[in-house]
Amino acid sequence: MEITKNSNKLHPFGALPPKKLRVVIVILLVLGIFFRFANLGQKVYWIDESYTSLRISGYTEAEFIQQVGDGQIREIQYLQKYQRINSEKSVIDTVKGLALEEPQLAPLYFIATRFWVQLFGDSVAVTRSMSAVFSLLALPCMYWLCLELFESSLTAWLAVSLLAVSPFQIVYAQEARPYSLFVLVVLLSSATVLRAMRLKTNSSWALYAITVALGFYSHLLFALVALGQGIYVVVIEKWRFNKTVIGYFIASIVGFIALSPWSIIFIKNSQNATEKTAWQSLRIPVLQLAKNWILNISRQFLDVGLYSDLPRFYLISILPVILMILIIVGYAVYFLVNQTQIRVWLFVVTLMSVTVAIFLPADLIWGGIRSINTRYMIPCYLGMQISVAYLLAEKIISPTVKLQFQKLWRLAFAAVLSIGIISCCIYLPADSWWNKDRSYINIPIARTVNSASRPLLVADLWVYSVDTIANLLSLSYLLVPQTKLIVLPPKIVEIPPNFKEIFLYAGVPEFKTEIEKNTLYEISTIYTLKNQDIILSKLQKK
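Residues numbered from 1 in each chain as written. Predicted model: local features only at pLDDT ≥ 70, side-chain atom pairs only at ≥ 80, totals over all residues. Heavy atoms only, no water.

(A) Examining the overall build of the protein more closely. When helices and strands are counted, the protein shows 22 helices and six strands. Radius of gyration (C-alpha) of the protein: 25 Å, near the 24 Å computed for a compact globule of 542 residues. Along the longest, intermediate and shortest principal axes, the C-alpha atoms of the protein span 80 × 50 × 45 Å. Sorting the 542 residues of the protein into buried and exposed places 56% on the buried side. Within the protein, contacts between residues separated by at least 24 positions form 77% of all contacts whose residues are at least 6 apart in sequence. Element-wise, carbon and sulfur atoms account for 66% of the exposed surface of the protein, whose accessible area totals about 22,700 Å². (Helix = DSSP H or I, 4+ residues; strand = E, 2+ residues; numbered from the N terminus. Rg over C-alpha atoms; globule rule 2.2 N^0.38 Å. Buried < 20%, exposed > 50% of the residue type's maximum accessible area, 1.4 Å probe, protein only. Contact = heavy atoms within 4.5 Å. Areas by Shrake-Rupley, 256 points an atom, 1.4 Å probe, with all protein chains shown as cover.)

(B) The nonpolar core, seen in detail. M142, L149, L158, L187, L382 and I386 are the most contacted members of the largest nonpolar core, which has 118 residues in total. When sequence neighbours within four positions are dropped, the list of residues in contact with L382 reads M142, L163, Q169, V183, V186, L187 and L351. Listed in part, the 31 residues of the second largest apolar core include L54, I469, Y505 and I535. (Core = buried A, V, L, I, M, F, W, Y, C linked by side-chain atoms within 4.5 Å.)

(C) Representation of the pattern of salt bridges within the structure. This model, assessed by the stated rule, comprises 16 salt bridges. Between E148 and R198 there is a salt bridge; the shortest N-O distance is 2.7 Å. Here E148 is found in helix α6 (residues 124-150), whereas its partner R198 is found in helix α9 (residues 179-199), with 50 residues between them in sequence. We classify E148 as buried; its relative accessible area is 4%. One network of salt bridges, in which partners are shared, links E49, R128, E175 and K436. (Salt bridge = Lys/Arg side-chain N within 4 Å of Asp/Glu carboxyl O.)

(D) Main features of helix α10 (residues 202-218). In a regular helix each residue adds 1.5 Å, so 17 residues correspond to 24 Å; α10 covers 24 Å between its end C-alpha atoms and thus fits that length. When α10 is considered as a whole, its buried residues turn out to be S204, W205, Y208, A209, T211, V212, A213, G215, F216, Y217 and S218. Of the surrounding elements, those touching the buried residues of α10 are α5 (108-120), α9, α11 (222-236) and α12 (243-268). (Expected span 1.5 Å × (residues − 1).)

(E) The arrangement of the packing of α9 against α10 in detail. At a minimum axis distance of 9 Å, the contact between α9 and α10 shows a crossing angle of 160°. Of the possible angle classes, the one that applies to α9 and α10 is roughly antiparallel. Of the two elements, α9 crosses α10, and the hand of that crossing is left-handed. Across the interface between the two elements, L181, V185, L188, S189, T192, V193, R195, A196, M197 and L199 of α9 pack against S204, W205, L207, Y208, T211, L214, G215 and S218 of α10. (Axes fitted to C-alpha atoms, helices over the stretch in contact; angles between N-to-C directions. Parallel < 35°, antiparallel > 145°, perpendicular 65-115°, else oblique. Left-handed = near helix turned anticlockwise from the far one by under 90°.)

(F) How the structure looks around the state of the cysteines. Taken as a whole, this structure holds zero disulfides when the rule is applied. The cysteine C380 is free of any disulfide, with C146 supplying the nearest cysteine sulfur at 16 Å. Residue C380 is classed as buried on the basis of its relative accessible area of 7%. C425 carries a free sulfur, and the closest cysteine sulfur to it, the one in C424, is 7.0 Å from it. (Disulfide = S-S within 2.5 Å.)

(G) How the structure looks around the environment of A393. Within the secondary structure, A393 sits in helix α18 (residues 378-396). What makes A393 buried here is its relative accessible area of 0%. Each C-alpha atom of the pair A393 and W409 lies 9.5 Å from the other, and the pair is 16 residues apart in sequence.

(H) Summary view of the pairing of strand β6 (residues 534-541). When strand β4 (residues 501-505) meets β6, the two strands line up antiparallel, connected through four bridges. The residue bridging I502 from the neighbouring strand is L539, located in β6. As paired elements, strand β5 (residues 521-528) and β6 share seven bridges and run antiparallel to each other. For T528, the partnering residue across the bridge sits in β6 and is I534. (Pairing = 2+ DSSP bridges.)

(I) How the structure looks around a nonpolar patch on the surface. Residues F241, I246, F249, I250, I253, V254 and I257 make up a contiguous nonpolar surface patch of about 680 Å² in total accessible area. With respect to the helices and strands, V254 occurs in helix α12. (Patch = residues over 30% accessible without salt bridge, like charges linked within 9 Å, V, L, I, M, F, W, Y side chains within 5 Å.)

(J) Here's a closer look at the sheet that holds strand β1 (residues 73-75). With respect to topology, six strands assemble into an open sheet ordered β1-β3-β2-β4-β6-β5, the strand pairing being mixed. On the outer flanks of this sheet lie β1 and β5, each paired with one strand and no other. Strand-to-strand, the axes of this sheet are offset by a mean angle of 30°, without reference to chain direction. By the bridge criterion, five bridges tie strand β2 (residues 455-460) to strand β3 (residues 484-488) in an arrangement that is parallel. Looking across to β3, one finds that A459 is bridged to V487.

Next comes the structure, spelled out in structure tokens:
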């Protein structure tokens, strides 16, 4: 194996870090496990997670609309039927629902989670725990990848430590969506392709082919990761069509062939996929994009729940720490490129850059928010964390660094870990977070409705709305089971009498106009969203 230009000779492949550092690493691993599984049921079960449970249950969105939006009065608890496993639906229905309505979502996570909740129950905590398990499995994959890259156990252990207490990783480890599985397969496939290039055996390429297939069935954006790996293999092999390049192409083709059934499904139902992802084309100012890029990078190490549209005072107050993180990340990438051979730095750079090269120009030229969607940029963020781990490994112990500078870098290492741990401690007891912004309002809504006497919640399906459907499902976890619900179909305006307090959830303008025009009620606003849309109103007799 080649070694890096400045490889840490004290900690070669397989050696253990110094004893004191081992103690720190063990503490960080314990904290990482705790942060992933603590308070799993605490936060609001938001829109995307409600759709996860809808898919797992085997019901489709169309069935929900038909069966719930019929104008019948039901208890809110009835909606849990579409969030739980039951004998009416099987795992085949889960796959069918995804294939028909959301083919942009690969099925592996949803299948695995369905079997998981069948074994352990379908509470919020159990459903989310599948993601926590995937996130935990990513830690040894990170270790393996860094050993293959750097041949240094110190670098590998530091990378695992950073990943263990990364607030970004904790956020998605506690979300019932496929993103922690995406992290896992990115790291696993990266380690296996490096291993295959080193061993050059058929069995090692076969293992890589399996990880490629798993990657595609975990997240369709894995295609960009595989593309980056292909660029790396071809460049490292100096554009020669040799055994290594042939091994890569055969393994990749096997992975693509394995994906072909889902590819056909995706093409056949691409219109539904386009409709479900139309939000990606939302245009926002370049300055707003830049603020989000900065926040998203800093969230790998620091996350106190900041939003890019918070008042300037809050952003400025934490700006020095954000700047420190950006400087460390930027210098880490620079240091990696300058201090390691192309075999090392090119792998990390391609891991980071392919996704950015696709999404960033698209957002700047045609408009969109793909590049600020943290879930899409996971490979890029992993590359940043690997770069920082290598920088710290080379600076905190290396005999080529003067003792006083070693101490400064150890202080920097402690600071990076500390702000990550503090961020996780702030995150755990919160009942919502930035990644659940479209459902945070459900918490005060639930408090208001639950405090009412014999409440009725009225919603309408006059216009198709993912947010309305999913947030009603989200509210079914928060409202007391006896709360009555009526979902009115298009063109129907019938407000049941004999309810002491009647609340209107969302509601399109035409629906509200018909209520005030043709009923005995007038509408008073209770809660509005950030965009000033009214989300909860109260009906009062004129």
